[in-house]
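Close look at the chain arrangement
Chain by chain, the residues run as shown.
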Amino acid sequence: NQNHEDIRAVIPRRVDLPGERGVLLVSQAMHKLKSGFFFLLQSEYGDIYKVTLTYTTGAETDTVTELKIKYFDTIPTCTSICVLKTGFLFAASEFGNHTLYQFQGIGDDPDDVESSSATLMETEDGFQPVFFEPRPLKNIVPIDGMSSLSPV
């Protein structure tokens, strides 16, 4: 990011999360589409966020103009997630069963909570947070699972 201005957006946080607690990201995956790409990031609470970048293509470099972070779904916390080209998400759970999910949507619902660098507001205490209420799965559905081999 040398010679470019910083692009920032706040990570949406749960409504019931205390203000002094941060949001720690523990796993991530990137998926490339014909029309672009997106990242899926997971927090320590199991919340998955879809991250997209808006950028302009120049003669020598591409410049990011906007960063968007949108609440996607909530699953058990994972050590690793992998987006497959066949429309599946594999979640290697940290303490529970590993699960294979199928995408039902890619998080493009305009009603979902979203944070954007274009609407970022700074206050005396830092940046204004964006809140969401966790909901049942909407964008992915569990297809198969592999039992955990760790003892209870």
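Above: the structure in question.
Residues numbered from 1 in each chain as written. Predicted model: local features only at pLDDT ≥ 70, side-chain atom pairs only at ≥ 80, totals over all residues. Heavy atoms only, no water.

1. Overview of the nonpolar core
In terms of nonpolar packing, the biggest core is built from 14 residues, with L40, I75, I81, L89, F103 and I140 touching the most fellow members. Elements represented by at least two residues in this core include exactly β3 (36–43), β6 (78–84), β7 (88–93) and β8 (98–103). Ranked by the residues each element gives to this core, the list is headed by β6, at 3 residues. Setting aside residues no more than four positions away along its own chain, I140 makes contact with F72, D73, I75, L89, Y101, Q102, F103 and Q104. Listed in part, the 10 residues of the second largest apolar core include L17, V23, L67 and I69. (Core = buried A, V, L, I, M, F, W, Y, C linked by side-chain atoms within 4.5 Å. Buried < 20%, exposed > 50% of the residue type's maximum accessible area, 1.4 Å probe, protein only. Helix = DSSP H or I, 4+ residues; strand = E, 2+ residues; numbered from the N terminus. Contact = heavy atoms within 4.5 Å.)

2. A closer look at the pattern of salt bridges
Tallying each qualifying case throughout the model produces 8 salt bridges. K138 is the partner of D109 in a salt bridge, and the nearest nitrogen-oxygen pair spans 2.4 Å. Linking D109 in the loop between β8 and β9 (114–116) with K138 in the loop between β12 (131–132) and β13 (140–146), this pair joins segments that are 29 residues apart in sequence. Judged by its relative accessible area of 24%, D109 is partly exposed. In this structure K138 comes out as partly exposed when scored by relative accessible area, which is 36%. K138 is paired through a salt bridge with D112; the nearest N and O atoms lie 3.0 Å apart. (Salt bridge = Lys/Arg side-chain N within 4 Å of Asp/Glu carboxyl O.)

3. Let's talk about the sheet that holds β7
Hydrogen bonds between backbone atoms are what pair the strands of a sheet, whose relative direction is either parallel or antiparallel. The 4 strands lie next to each other as β6-β7-β8-β13, forming an open sheet whose pairing is antiparallel. The sheet is open, and its two edges are formed by β6 and β13, each paired on a single side. The average angle at which neighbouring strand axes cross in this sheet is 20°, direction not considered. As paired strands, β7 and β8 are joined by 4 bridges and run antiparallel to one another. Bridging from a neighbouring strand, F88 pairs with Q102 of β8. (Pairing = 2+ DSSP bridges. Axes fitted to C-alpha atoms, helices over the stretch in contact; angles between N-to-C directions.)

4. Details of the sheet that holds β3
Here we have 5 strands laid out as an open sheet, ordered β2-β3-β4-β5-β9, and antiparallel in their pairing. Bordering the open sheet on either side are β2 (25–33) and β9, each of which pairs with just one other strand. Ignoring which end each strand starts from, the neighbouring axes of this sheet average 20° apart. Where β2 lies against β3, 8 bridges are found, and the strand directions are antiparallel. The residue of β3 that forms the bridge with L25 is S43.

5. Topic: the packing of aromatic side chains
Summed over the entire model, instances satisfying the criterion amount to 5 aromatic pairs. Ring centres of Y71 and F132 lie 4.1 Å apart, and the angle between their planes is 20°; on these two criteria the pair is classed as stacked. Highlighted residues: Y71 in strand β5 (residues 62–74) and F132 in strand β12, separated in sequence by 61 residues. Take Y71 and F132: they sit in the same class, and that class is buried. With 6.2 Å between their ring centres and 65° between their planes, F72 and F103 make a pair best called edge-to-face. Of the two residues, F72 sits in strand β5 while F103 sits in strand β8, which places them 31 residues apart along the sequence. Exposure remark for F103: the relative accessible area of 16% places this residue in the buried category. Put simply, the rings of F37, F39 and Y55 pair up and form one aromatic cluster. (Phe/Tyr/Trp six-rings, centres within 6.5 Å; stacked < 30°, edge-to-face > 60°.)

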